[in-house]
Amino acid sequence: MQLTMDDTDDSLTALHPNHVKVTRISAILFVLPFVIGSIILEVAELLPFGIFVVPTVLLAAFIVIRVPLRRYQARGYDLGNDRLRVVRGILFRHDSVVPFGRVQHIDVDQGPLQRAYGIATLTVHTAGTHNSSVHLPGLGNDDALAMRETIRAHIKRETT
Amino acid sequence: MVDQEADIEPAAASAEPLRKHPLSVVVAGLAGLQNALFPMAAAYFSMREKWWALFAALGIGLVIAVVIGGFAYLAWRRFTYIVGATDIRVESGIVSRTARSVPYERIQDVSLEQSLLPRLLGLVQVKFETGAGGDEEITLRYLSEDQGETLRDLVRERKDGAVIAIGEAASANEAAKEEPADVIFAMGHKRLITFGLFEFSLAVFAVLAGLFQYAETFVSINLWDAEFWRDNFADPGSAVASWGPAVQIIAGAMGLITLFIVGSLTGLVRTVLRDWGFVLERTAKGFRRRRGLLTKTDVVMPLHRVQAIKTKTGFIRRRFGWHALSFVSLAQDSGSASHDVAPFATMEEIAPIARVAGFAVDPQAETRWYRGSREFRVDAAIVDFCVLLMIAAGAAVGLTLSGLASPLFALIAVAIGALLAFRQMFLWRFDFNALGPDYVFIKRGWLAPKLDVASRIKLQSLEIVQGPIARKRGYATLYFGLAGGTLELEGLPIARAQELRQAILGSIAGTDFSELVG
């Protein structure tokens, strides 16, 4: 009954495009204090103009524009017949596979930002010390709920 | 709270809320008093000029003791447990109340533990292990010894009942309970002493160093002050230097011998205290291990809970054929020593124990052992060397700037780096992995090899991780999701990592988790 799963990245499903927007907004919230700080330092006129603000703004733009897109492109998942594969990471590639038969429980979480954009995070918990919870953010909310039902149905069938 | 389940089966259950043994207040209070010692000392020394310093310190101690004792009493008053028909319920909390219920089916182990003080008072700590780990477990601290034993038997009976009730007669588990257990491993006094001598430990020196540091303010010896050592040992005219070379050598040798004797004795004492009367039995419910001289422990490890086995050895004891076997169990509590099943045994003794647990210590003859990736071997050596090279560069710059010593001393770090790189290149030859039909075998180490054996179907998840270098060079680390422990294979060729993952996933998919835990 089990299908073999190929280990290439071609078989991966991409996340919901809104995931990029949400991560960008989070990134903006993260860099904002630093940008404000650099502007204040500029206003204080301690050093010639641009010493603080230029590098900070460039770095902030990189974090807000480039990084979320690259991370989105690096992420992917594959819902097999009996297992879930989650791939993530730009520099460090993490490629996890959780068999449905080892899932202890499943969470679907939505933060306020995620709710506004209609996406959700699916988390599967296992009994293992390593990978005790595998997070899969950036799914369409309906997809996440459907995936939860699929995995749950599988667990039920195996158990009874 | 009325236990409705208990109403259905009133004969079996005591639905009365029970309290812990009253003396546990005393133990908790005394344990809390340790916390009072430091403030007392601090108060005394900060006010030692004044004649009333001692009284102030005692007063502070008294206040703390009363507060701690009061809280201990309140906590005892407000802690009740109910042994119901289907679960154990605990209600606790002085201000905010917590109610927790654990069904018998979810209780994996019931362990009894006695440390010194409770043992003198005839008390025992009862712990219900559910696999949740750490603070999530229910602990009854403390019951009387009889109560503890009764409760454990009761829980085991209930738990059996839950499993057996489907078909077999209830009398069957009565018989099973009384069945004499087979001793599968025990350590006599002679073995214990041999073991203790191998457990050479310099921990006592760490403790002494800590005490010295503590005492630094009161005594004029300052361990971390180079001046102290230089004055006493190195300077011409100092005590040691005036002894002459022969005496110096003899003194040095005596020092080493003392170190050896103290280290061996520490190891011996620690081992005897921990492993006195070590008995491992095979009971109807699984393995039962009892050990300890002052702190007695009695732990039951159900068979099907064993996820993996680990053997290790030391580079000297291996010459004499001694190895240690421990289990990785689903109901792992925090202490690492808790699942030692044969801490000092020959491989011939270990193999049968592993077999009882359903594991093999050797793959079948046709299974091939694989090595890690050659690229990983080289890269890891280079990385080791580069790290030390950077340290050397930093040290050279620092020494040049400060002028404390010749910058050539930085070459020591370079030499260490070369040594580490060579070690990495060399040790690679002793790292193996093999995939049998039922088990994953991982062997590591040259002088003191370690062997880990995990059951394929009992793994929970698999993850392949590649860093930037690893991706370019085609190797990866494979992490096994092991319940109650960690297991990984570093530096596998990517193809081998994927092959292992594919094969293991194939065997995992055939069984559900519930079939494993039973």
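The structure this text deals with has already been given above.
Below, the structure is looked at part by part.

A word on the overall build of chain A
Scanning chain A from N- to C-terminus turns up 4 helices and 6 strands. Scanning chain A from its N terminus toward the C terminus, one meets helices and strands in the order α-α-β-β-β-β-α-β-β-α. Evaluated residue by residue, chain A yields a buried proportion of 41% over its 160 residues. Taking contacts inside chain A between residues at least 6 apart in sequence as the whole, the part at least 24 apart equals 49%. A total accessible area of about 8,800 Å² is found for chain A, and carbon and sulfur atoms account for 63% of it.

Regarding the interface of chain A and chain B
Facing the 31 residues of chain A at the interface are 34 residues of chain B. Note on chain A versus chain B: buried area summed over both sides is about 2,600 Å², and carbon and sulfur give 46% of it. In this assembly, chain A and chain B are joined by 1 salt bridge. Among the ionic pairs, Arg501(B) bridges to Asp95(A), the shortest N-O distance being 2.9 Å. Across the chain A-chain B interface, the total number found is 14 residue pairs in polar contact (both at pLDDT 80 or more). If you list the elements that add at least two residues to the side of chain A that touches chain B, you get β2 (83-88), β3 (93-99) and α4 (141-159) of chain A. Element by element, the count of residues in the side of chain A that touches chain B is highest for β3(A), at 7 residues. Looking at the side of chain A that touches chain B, its residues break down into 10 nonpolar, 12 polar and 9 charged. In the sheet, β3(A) pairs with strand β18 (residues 461-466) of chain B via 5 bridges, with the strands oriented antiparallel.

Describing unusual backbone geometry
Here the amide bond leading from Arg141(B) into Tyr142(B) is cis, since omega sits at 10°, within 30 degrees of zero. Structurally, Tyr142(B) is set in strand β7 (residues 138-144).

Digging into helix α15 (residues 494-509) of chain B
Each α-helix turn comprises 3.6 residues. Residues three or four places apart therefore point the same way. With 16 residues, α15(B) ought to run about 22 Å at 1.5 Å a step, and its terminal C-alpha atoms sit 22 Å apart, in line with that. Listing the buried residues of α15(B) in full gives Arg496(B), Ala497(B), Leu500(B), Arg501(B), Ile504(B), Leu505(B), Ser507(B), Ile508(B) and Ala509(B).

Section: a nonpolar patch on the surface
Residue and element names in this part refer to chain B. Among the surface-exposed residues, Phe-200, Leu-202, Phe-205, Val-207, Leu-208, Leu-211, Leu-256, Ile-257, Leu-259, Phe-260, Ile-261 and Leu-265 lie close enough to one another that they form a single nonpolar patch of about 1,100 Å² accessible area. Mapped by element, the contributors of at least two residues to the nonpolar patch are α8 (203-215) and α10 (245-275). The element best represented in the nonpolar patch is α10, accounting for 6 residues. Position of Leu-211 among the secondary structure elements: in helix α8.

About the thresholds
- Residues numbered from 1 in each chain as written.
- Chains lettered and ligands numbered in written order.
- Predicted model: local features only at pLDDT ≥ 70, side-chain atom pairs only at ≥ 80, totals over all residues.
- Heavy atoms only, no water.
- Helix = DSSP H or I, 4+ residues; strand = E, 2+ residues; numbered from the N terminus.
- Buried < 20%, exposed > 50% of the residue type's maximum accessible area, 1.4 Å probe, protein only.
- Contact = heavy atoms within 4.5 Å.
- Areas by Shrake-Rupley, 256 points an atom, 1.4 Å probe, with all protein chains shown as cover.
- Buried area = accessible area lost by both parts, 1.4 Å probe.
- Salt bridge = Lys/Arg side-chain N within 4 Å of Asp/Glu carboxyl O.
- Polar contact = N/O pair within 3.5 Å; in protein donor to acceptor, adjacent residues only side chain to side chain.
- Nonpolar A, V, L, I, M, F, W, Y, C, P; charged D, E, K, R; others polar.
- Pairing = 2+ DSSP bridges.
- Expected span 1.5 Å × (residues − 1).
- Patch = residues over 30% accessible without salt bridge, like charges linked within 9 Å, V, L, I, M, F, W, Y side chains within 5 Å.

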